[in-house]
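For reference, the chains in residue letters:
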Amino acid sequence: MAETPSTPPRQVARAAKAVELLDGFQLDGSPARAETSGWLLPVIVTGLLPSRIRKQLISPSEIGDQEPVTFLFSDANIDGAPRPYLRADFPEQIHHYTPNPLGLGPIPCISEEPLDEFHYSAGFVGILHQLRNWLLKAATGNLSNEKDGWEATPTPTAGALISGHDKLRAIDDPQRTDGNAAYVSFRCAQFNSASVYRYDLTVGGVFDPAERRPSEGCVAGIHFHSSAEADPISSNVNPATIQTAGDLSKLVALIGITEMEFAAKFTTLVSQARKFNITSPDGKAFLVPVSLHLKRPHNLAGTESQLELFCFTIVWNAMWDAERAATDFDSAEVLVGRLLSDGGVDTRARLSGCTSRHTFELAGVGSLGSKMGLSLCRAGWECTHAYDPDITLPHNSARYGLPIPLDTRVAKTKAFAAAIEGIQTKPVITGDDVLSVDYSNSEEYSSPDFLINTTADTRVSDTLSRYSTARLPSRIIDASLMLRGNLAVLVIEGAERAPNYHDLMSLVMLNITQVEGLGEALVSDIGGYDRIDVGGGCGAFTMVVSDARIDAMSGLMTEEILEFADNIEGSETPENGHGILWFKQPDTGSTRKTCVSSGPFSIVPCTDSDWTVRISPEVEQVMARSQALSAGRETGGFLIGHVDERRKEISVVALIPPPPGSTSSATQITLGTTGVKKLISTIATKSGGYLMDVGTWHTHLSDAPPSPTDHQLVSDLSIEPRRLVPSVMIVRTPKQMHAVLADPIFPSDGAHNVS
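Computed from a prediction, not measured in an experiment: that's the story for all the values here. Residue indices begin from 1 for each chain and proceed along its sequence in written order. Predicted model: local features are reported for residues with pLDDT of at least 70 only, side-chain atom pairs are reported and counted for 80 or more only, and whole-chain, interface and lining totals are derived from all residues. The basis for every side-chain value is the complete set of non-hydrogen atoms in the structure, without hydrogens or water.

### Things to note about the pattern of salt bridges
Phase 1 of the analysis: We define a salt bridge as a contact between a side-chain nitrogen of Lys or Arg and a carboxyl oxygen of Asp or Glu at a distance within 4 Å. As enumerated under the stated definition, the model contains 17 salt bridges in all.
Phase 2 of the analysis: Across the pair R459 and D457 runs a salt bridge whose closest N-O atoms are separated by 3.8 Å.
Phase 3 of the analysis: On the accessibility criterion, R459 (39% relative accessible area) is partly exposed.
Phase 4 of the analysis: Between R614 and D503 there is a salt bridge; the shortest N-O distance is 2.7 Å. One end of the pair, R614, is in strand 26 (residues 612-615); the other, D503, is in helix 11 (residues 501-514), and 111 residues separate them in sequence.
Phase 5 of the analysis: Residues participating in the shared-partner salt-bridge network are D462, R466, D644, R647 and E649. A simple rule labels every residue: compare its accessible area, found with a 1.4 Å probe on the protein chains alone, to the largest value its type can have, and call it buried under 20%, exposed over 50%, or partly exposed in between. Think of it this way: any DSSP run of H or I at least four residues long counts as a helix, any run of E at least two long counts as a strand, and we number them from the N terminus.

### Looking at the packing of aromatic side chains
Phase 1 of the analysis: Here a pair means two rings of Phe, Tyr or Trp (six-membered ring of Trp) with centres within 6.5 Å. Their orientation is stacked below 30 degrees between planes, edge-to-face above 60, and tilted elsewhere. In the structure shown here, the tally under the stated rule is six aromatic pairs.
Phase 2 of the analysis: Considering the side-chain rings of F71 and F124, the 5.2 Å spacing of their centres and the 75 degrees angle between planes classify their relative orientation as edge-to-face. Placement of the pair is F71 in strand 4 (residues 67-74) and F124 in helix 3 (residues 115-139), with a sequence separation of 53 residues.
Phase 3 of the analysis: Judged by relative accessible area, F71 falls into the buried class, the value being 0%.
Phase 4 of the analysis: An angle of 20 degrees between the planes, with centres 5.5 Å apart, marks the rings of W381 and F450 as stacked.

### So, the pairing of strand 3 (residues 38-45)
Looking along a regular strand, one sees the side chains alternate between the two faces of the sheet.
Phase 1 of the analysis: The buried fraction of strand 3 is high, at eight of eight residues.
Phase 2 of the analysis: Between any two strands, at least two bridges found by DSSP are needed for them to pair. Inspection of the sheet shows strand 1 (residues 25-27) paired to strand 3 by three bridges, in the antiparallel sense. Within strand 3, the residue paired with F25 across the bridge is V45.
Phase 3 of the analysis: The sheet contact formed by strand 2 (residues 32-34) and strand 3 spans three bridges and is antiparallel. Bridging across to strand 3, A32 finds its partner in L40.
Phase 4 of the analysis: Relative to strand 4, strand 3 runs antiparallel, the two being bridged by eight bridges. Looking at the pairing, V43 lines up with V69 of strand 4.

### Points about the state of the cysteines
Phase 1 of the analysis: Disulfide assignment relies on a single distance test, namely cysteine sulfur atoms paired within 2.5 Å. This structure, assessed with the given rule, holds zero disulfides.
Phase 2 of the analysis: C377 provides the cysteine sulfur closest to C383, a residue in no disulfide bond, and the two sulfurs are 5.4 Å apart.

### Focus on the packing of helix 1 (residues 10-21) against helix 3
Phase 1 of the analysis: To obtain an axis, a line is fitted to C-alpha atoms, over the contacting stretch when the element is a helix, and the angle between two such axes runs from 0 to 180 degrees between their N-to-C directions. Running from amino to carboxyl end, helix 1 crosses helix 3 at an angle of 45 degrees, the nearest separation of the two axes being 10 Å. Comparing their axes, helix 3 and helix 1 come out oblique. Relative to helix 3, helix 1 is oriented so that their crossing is right-handed. Taken together, the residues of helix 3 that come into contact with helix 1 (itself represented by A15, A18 and V19) are F124, V125 and L128. Between 65 and 115 degrees an angle is taken as roughly perpendicular, under 35 as roughly parallel, over 145 as roughly antiparallel, and anywhere else as oblique. Crossings are assigned a handedness: left-handed for a near helix turned anticlockwise from the far helix by less than a right angle, right-handed for a clockwise turn. Any two residues whose heavy atoms approach within 4.5 Å are treated as being in contact.

### Re helix 8 (residues 367-378)
An α-helical turn contains 3.6 residues, so any two residues separated by three or four positions project in the same direction.
Phase 1 of the analysis: The span one expects for a helix is its residue count, reduced by one, times 1.5 Å. Taking 1.5 Å per residue as the helical rise, helix 8 with its 12 residues ought to reach 16 Å, and the 17 Å between its terminal C-alpha atoms agrees with that figure.
Phase 2 of the analysis: Counting buried positions over the 12 residues of helix 8 gives 11, a clear majority of the element.
Phase 3 of the analysis: Those residues of helix 8 lying buried are S367, L368, G369, S370, K371, M372, G373, L374, S375, L376 and C377.
Phase 4 of the analysis: Looking at the buried residues of helix 8, the elements they touch are strand 17 (359-363), strand 18 (382-387), helix 9 (412-419), strand 20 (450-453), strand 21 (475-482) and helix 13 (547-567).
Phase 5 of the analysis: Among the residues trailing helix 8, G380 stands out with phi positive, at a value near 100 degrees.

As structure tokens, this is what we get:
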């Protein structure tokens, strides 16, 4: 049995140090082992209340000026994002959080993207800023507003699935003034490990055994709704906490339905189900679906309705008699449902073709990937492989360019293959995970011209960029959408993966900081890390965006790919990589396109380290020009780039020249600091923390390697108290470049005790 470590790992120690350094945060004790195989870091977030109410120590929303938060670092993924947990008695009326089954308190929904993805780009400091931003909004009642809309409540993926039928949607009529319950028609599915069972339900609670299918039954459900004149309900509803009919009756009571009324309607349904012997396929239970509309203070995000629909299924033991339906109603098990709105598939986008013909494989065939794949096939390209682990669901089929039958849950890859079956002659080979493909097996796999990744998964992008062209000859293209479809980013790797995805993303982020209005759009005024709408991750839709907007951006990116492929043969620099972004400007509505193009980055290994530094050609040219103009003196400056601790790489994409106050001679340079901190802060903020100062560089007039003074400066930097990530010193001589890594030393490294 492995011995439990008594000293916090490096990641926890570094996080504790970050908490101590940042304003608005303080440690609430030392890191401690958790019972759930991990480390707990107790933190207090301070200064949350406006001055006008700070003396009361608590806001009207019951959030204090100081709020305790516990971060859990999992042993299973110690490099991943630590999960924040609020206090157990955090006010339930606060929007955008979910209960926690581990008992540590509710989890705030601070990021629209998965927290691991956000952590990968912004780090633990970014999570801290995002968390404080969330608490500031919660304290002042700004987590939900009329402009952004009411974010739909999250629902678990397990349990029952209920699909809204026409009769149910008809009740969702803003002109209705009566608020009551009704027996309505809808369909529900009970999930288990083997299959999906569907139950057709009839109108008005009238059962027709003649309509029953083999292995399926008919049962009516109950629907409750708020009237159009009712007061809005802002209570935070967490469906995952509802486990019994007694719990459900408390939710129904929000719109004025008493527990007695609810139980009476349920008893009627159970009696009818027993009369017609309507049970689950295993014969052990009656399934009674219940739906509920709550009127919210604002329209739901992306809709024109204030009504939010909740779905549940009451599981009633078929062996219990009718009397128990009245006496033991509260104890009946409840499965939480997810709303699936049934609807048709939108018309496929009409995109123009091209003359060149290429082969490609597609990783990710969702709303973006399916459209780009179909457009490329219509342009004469051939899709050889498609990868995606997910299934299609009716409520999101409207945003796919795929002919998905209503209520049919099929693998996205199968739907995509069926959609292009009549476009190309060869069938598409489908799979779940592009990273599981054995590219080295030439007998089973033939590499196409391009691999197009639309997964928006940094794990996929990172892994693919590591593959050599000997293993995977295909040129890799990465396409993604941000800012709810108002920003599209296309990255085309260079020949031989030089430059690779990370090199080009650093250049794209640098470009973003230079586009007027774009850097500001990616971050909020509070905290500097709110690149996305807070709370978006709580809803069923991670990005509320019209099909037309996805069509527009996917069309632009597809056209760029087609033009690149058409022109690559005649290009003067066919090996170059490209980063292209399109930004829909909020003031004019026009779409602005900006491009960066780069050849291979220079790779400089760090002395006595397994880290490498990657320097863009433009930066290297500026270094060479500065060296040539230095007139017998050393020159240098500050480095701007991205630190990738997973790959142990530092990409350098920009330089800050010697600031005012710098001095130099033939043997030494001393860099001033005037204005540097502000400039670095601006770049970091506008790039959402992706770019930062990654070190310094200077020249040597002779071919001498880094001097003892250089090494001492690096050693001093490694223990600099405010440094959280590695940095580098680059020494450029007339013949070569040297890199010396400054790796921060943290308490767990033995330099200091953990406070």
